[in-house]
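# Analysis of the macromolecular model
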Amino acid sequence: YADYALNHAEGCAHGCTYPCYAFVMKKRCGVISSYKDWIQPKIVENALELLDKELPRLKNKIKQVFMCFTTDPFMYEIEEINRLTLKILERLNRDKVKAILITKGVCTDQLTDKQLYNEQNEYGISLVSLSEAFREKHEPFSAPYKKRIEALKKLHDAGLKTWVSIEPYPTPNIIRQNIRDLLESISFVNRIVFGKWNYSRLTTAYIHNKEFYNSMAYEVASFCECHAIETHIKEGTISPSHLGTGRSSERVTLANYMQAPS
Ligand code: SF4
């Protein structure tokens, strides 16, 4: 996603139960003691001081800073984190450092304010379903999907770059849904990233999971092509060994994505 990353909180109030890779790793390393501990995030108090110290040395080297890999920059209804995120963006703007953000919260429309507006930044949401029942089960404290999409659309309408991560996409034994509905709801974005659901027996229990992900990757790639949206299919999502029986158009399209540089 980027050559640098910035995580300005320990923990994440969204409490995803896929499971969340960041939570699993932090718990395994003893940084976080429990799920209860994880969903009570602690901010990095000196994040701005650290930036002031590190940016003069690094600003000419950084291509883009990703926010965030192990927490969420716009935690739903957690104002303390959201305020710090905006201060960090202002600080990065001052040194003309590009940021790429992703959230399961709501991208604030303050990002369109003059002091924060940055055309080179990319604002993204994670979206794997439109079902609120699914969200309540797997992303229990995150923002409702409709709010995420509406907020992103506002940024798009204000001329900012937007993107969506459809990952971890659930197999039909988790939820039956039509990926076209989801794609239609975000047809305005500049980029879509698609990836499978990892680290869970739920998806491997679905015996046709390889064919399923090949077919979903094809749907995403075809939709993006029709709507002039940049696409990235995450490595490991397409199974070359299961392309043999697919439609020839599917085989050709997916082969392009397997060869494309990430
Ligand atoms: S929003 Fe991201 S960091 Fe937060 S719990 Fe969910 S997967 Fe983990």
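Residues numbered from 1 in each chain as written. Predicted model: local features only at pLDDT ≥ 70, side-chain atom pairs only at ≥ 80, totals over all residues. Heavy atoms only, no water.

## Remarks on the domain arrangement of the protein chain
In terms of domains, the protein chain is made up of domain 1 (1-162) and domain 2 (170-262). Here the C-alpha centroids of domain 1 and domain 2 sit 25 Å apart. The interface is formed by 19 residues belonging to domain 1 together with 17 residues belonging to domain 2. The contact between domain 1 and domain 2 buries some 1,500 Å² in all, and 68% of this surface belongs to carbon and sulfur atoms. Taken together, the links from domain 1 to domain 2 amount to one salt bridge. The partner of R191 in a salt bridge is E122, with the nearest N and O atoms 2.3 Å apart. At the boundary of domain 1 and domain 2, one finds seven residue pairs in polar contact (both at pLDDT 80 or more). Breaking the side of domain 1 that touches domain 2 down by element, the ones donating at least two residues are α5 (132-138), α6 (145-157) and β7 (161-169). In terms of residue count, α6 provides more of the side of domain 1 that touches domain 2 than any other element does, four residues in total. (Domains from an automatic or database assignment. Contact = heavy atoms within 4.5 Å. Buried area = accessible area lost by both parts, 1.4 Å probe. Salt bridge = Lys/Arg side-chain N within 4 Å of Asp/Glu carboxyl O. Polar contact = N/O pair within 3.5 Å; in protein donor to acceptor, adjacent residues only side chain to side chain. Helix = DSSP H or I, 4+ residues; strand = E, 2+ residues; numbered from the N terminus.)

## Re the site of the ligand
In the vicinity of the ligand, the residues found are C12, H14, G15, C16, C20, W38, T71, D72 and K104. For the shell around the ligand, the residue count by class is four nonpolar, three polar and two charged. (Near = heavy atom within 4 Å. Nonpolar A, V, L, I, M, F, W, Y, C, P; charged D, E, K, R; others polar.)

## Focus: the sheet that holds strand β6 (residues 122-126)
Taken in spatial order, the seven strands make up an open sheet running β1-β4-β5-β6-β7-β8-β9, and their pairing is parallel. Pairing within the sheet leaves two strands with one partner each, and these edge strands are β1 (4-5) and β9 (230-233). One ladder, built from four bridges, connects strand β8 (residues 191-196) with β9; its direction is parallel. Looking at β9, one finds that V193 is bridged to H232. Against the sheet, helix α9 (residues 209-226) contacts β7, β8 and β9, and its axis sits at roughly 180° relative to β8. (Pairing = 2+ DSSP bridges. Axes fitted to C-alpha atoms, helices over the stretch in contact; angles between N-to-C directions.)

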